[in-house]
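Descriptive analysis of the structure
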Amino acid sequence: MAWPEISIEDFPPERDDEPSSLRQDIIDELSDHFACALNRELLKNPDEQLARRRVIELFGDPIKIARQLWLDAMKEKIMSQRIMTGISAVMAVCCIAVVGIAWSMMQESRAFNLQLLEQFKLAQEKSASETTGELQPILFQLVQEGSEEQPAIGFEGTLSKGDGNNPVFTVEAVSDKNGLLDFGKLPWGKYVLTLKSPWGEAPQAELITTIPGRKFEETIVCPASVPEKVAVQFQVNWQNTPEEKNYLLCDFRHRVSISSNVSEQYFLSSYQEIQGRRWVYSHDLHQKSEGNVYLIDVENQRAVTCPIAADGSIKKIDVHQLDWHPTVEILRGVYYPPTIYLIAQHDLSKITEINSFSSTKGVRFDRGKLEIISFALPGQGAFISPFKKLSIDPALVIDKTPTALKQIHGFIPDRSTHETYAATEDQPNIWKINIPDLFPVTRESGSLSSAP
């Protein structure tokens, strides 16, 4: 028989949340514990009553111990329940707050969406009122430079719409008496616009973009008239001028190849800037006045238009029959640097030999290092010594072979800034030509270039 005798009724009233086996487990554990202690005491003293009394004195009343153990076990359960109850309360409060915030945000979002929807409807109505179809007008108002109340009449225009490199269609128009260049109604998208004046002056093609439902309009300022002649004076600055009398032949033309079946031809263009557009004028080289090849008397600072044949070649010159003047007449515009031939007086009789100089070998400085190149003539803005080979400072050609240095007749100065010559109506046109020391070519030669 287990000892001590503890029954279920010795515990406090049973709770609903109490585990069903808790009381029995406590009774069993205490009975085992006291039984073991009693057995130890009986070994010391065979008197059972005395042994029981000593065990109770040692451990205390078994029923009180059982009740205390029960209370300790139920406290943990009660505290756990209280904690869970607190957490549940806090979560409930948080959930109520989240629901309130979400409801407030929902109301704000609803109001915002309604506002956006209203704006979208207004935009649709506005677009619908402006749109009369998928095709919309594309037109330009052309006016004259310097008198923008005057229309630019007779200008040809082309609009090209393409898909990559594949043209879809092209529309052409001519500006009317009011300067209106009207291409009619066209689909929206990207177009390439080209213009051309009645005398052939044209800006670079530009890209325009139209949008659905909107008419495209733009005002373009155009040249007022064909370029006219203005007076230009050449001012030659030549370092270490040779003792013999010298002349410069300035050729502003370029030699170009039209096609493989056509021989090379001469070409000359000038341009003017008008409100960000560069209008290029291609000269008619069949007209003597537009040849732009000039012979300059360096000593007397005077010039004359060089006689040119129909094929563009230079004619033979009799220096005593030339009509020299301090200035020459040149069509208004901006010109790129000419090719300048250095000709001694005793070589003037051989000037027609320059026609055979379609190309030559020359030198230039590239990042401070001298290099040898071949280039076409005219067209590089170079200094050419056609009848005398250029000498070069030996310190610059220590890495060059005699074959590479054979027959060097040209020198291209450093043109780090794009250099041009402007002929205008409203200011003196003094075109400065600075000639570096070319006999021999030194490192300092590359630091000078002609300047307008």
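Above this text sits the structure in question.
So, here's what we can say about the structure. Residue positions are given per chain, counting from 1 as you read along its sequence in written order. Given that the model is predicted, a residue must reach a pLDDT of at least 70 before its local features are reported, and side-chain atom pairs must reach 80 or more before they are shown or counted; all residues, however, enter totals for whole chains, interfaces and linings. To obtain the side-chain values, all non-hydrogen atoms of the structure were included, while hydrogens and water were left out.

**Remarks on the overall build of the protein chain**
As a reminder of what qualifies: Numbering of helices and strands starts at the N terminus; helices are DSSP runs of H or I of at least 4 residues and strands are runs of E of at least 2. For each residue, the accessible area found with a 1.4 Å probe, counting protein chains only, is set against the maximum for its type, and the residue is called buried under 20%, exposed over 50%, and partly exposed in between. Contact definition: two residues touch when any of their heavy atoms are within 4.5 Å. The Shrake-Rupley method, run with a 1.4 Å probe sphere, supplies the accessible areas, and residue values consider only the shown protein chains as cover.
The secondary structure content of the protein chain amounts to three helices and 26 strands. Every one of the 452 residues in the protein chain was classed for burial, and the buried ones make up 37%. Considering only contacts in the protein chain between residues 6 or more positions apart, those separated by 24 or more positions represent 69%. Here the protein chain has roughly 26,800 Å² of accessible surface; of this, 53% comes from carbon and sulfur atoms.

**Focus: a negative patch on the surface**
Applied cut-off: Like-charged residues are merged into a patch within 9 Å and nonpolar side chains (Val, Leu, Ile, Met, Phe, Trp, Tyr) within 5 Å, provided each residue has over 30% relative accessible area and no salt bridge. Salt bridges are counted wherever a side-chain nitrogen of Lys or Arg sits within 4 Å of a carboxyl oxygen of Asp or Glu. Only four residue types enter the charge count, namely Lys and Arg as positive and Asp and Glu as negative; His and the chain termini do not. Positions of charges follow a simple convention, taking NZ of Lys, CZ of Arg, CG of Asp or CD of Glu.
A contiguous patch of negative charge on the surface is contributed by Asp 25, Asp 28, Glu 29 and Asp 32. Turning to its location among the elements, Asp 28 is positioned in helix α1 (residues 22-44). Residue classification places Asp 28 among the partly exposed positions, given a relative accessible area of 35%.

**Quick notes on the pairing of strand β2 (residues 147-151)**
Going by this rule: The criterion for strand pairing is that DSSP finds at least two bridges linking the strands in question.
Pairing analysis gives two bridges linking strand β1 (residues 135-144) to β2, with the strands arranged antiparallel. By the bridge assignment, Val 143 is partnered in β2 with Pro 151. In sequence, β1 turns back onto β2 through a hairpin of two residues, with Gly 146 there showing a positive phi of about 85°.

**Looking at the sheet that holds strand β21 (residues 359-366)**
A sheet is described by the order of its strands in space; here eight strands give the open sequence β17-β16-β11-β20-β23-β24-β21-β22, paired in mixed fashion. With partners counted over all chains shown, the strands left at the sheet margins are β17 (302-305) and β22 (369-376), one partner each. Here five bridges tie strand β11 (residues 246-251) to strand β16 (residues 293-297), and the two strands are oriented antiparallel to one another. Note that in β16 the partner of Leu 249 across the bridge is Leu 295.

**As for the pattern of salt bridges**
Taken as a whole and judged by the stated rule, the model has twelve salt bridges. Notably, a salt bridge pairs Lys 215 with Glu 217, separated by 3.8 Å at the nearest N-O pair. Relative accessible area serves as the criterion here: at 46%, Lys 215 is assigned to the partly exposed category.

Functional significance is not addressed by these values, which are geometric in nature.
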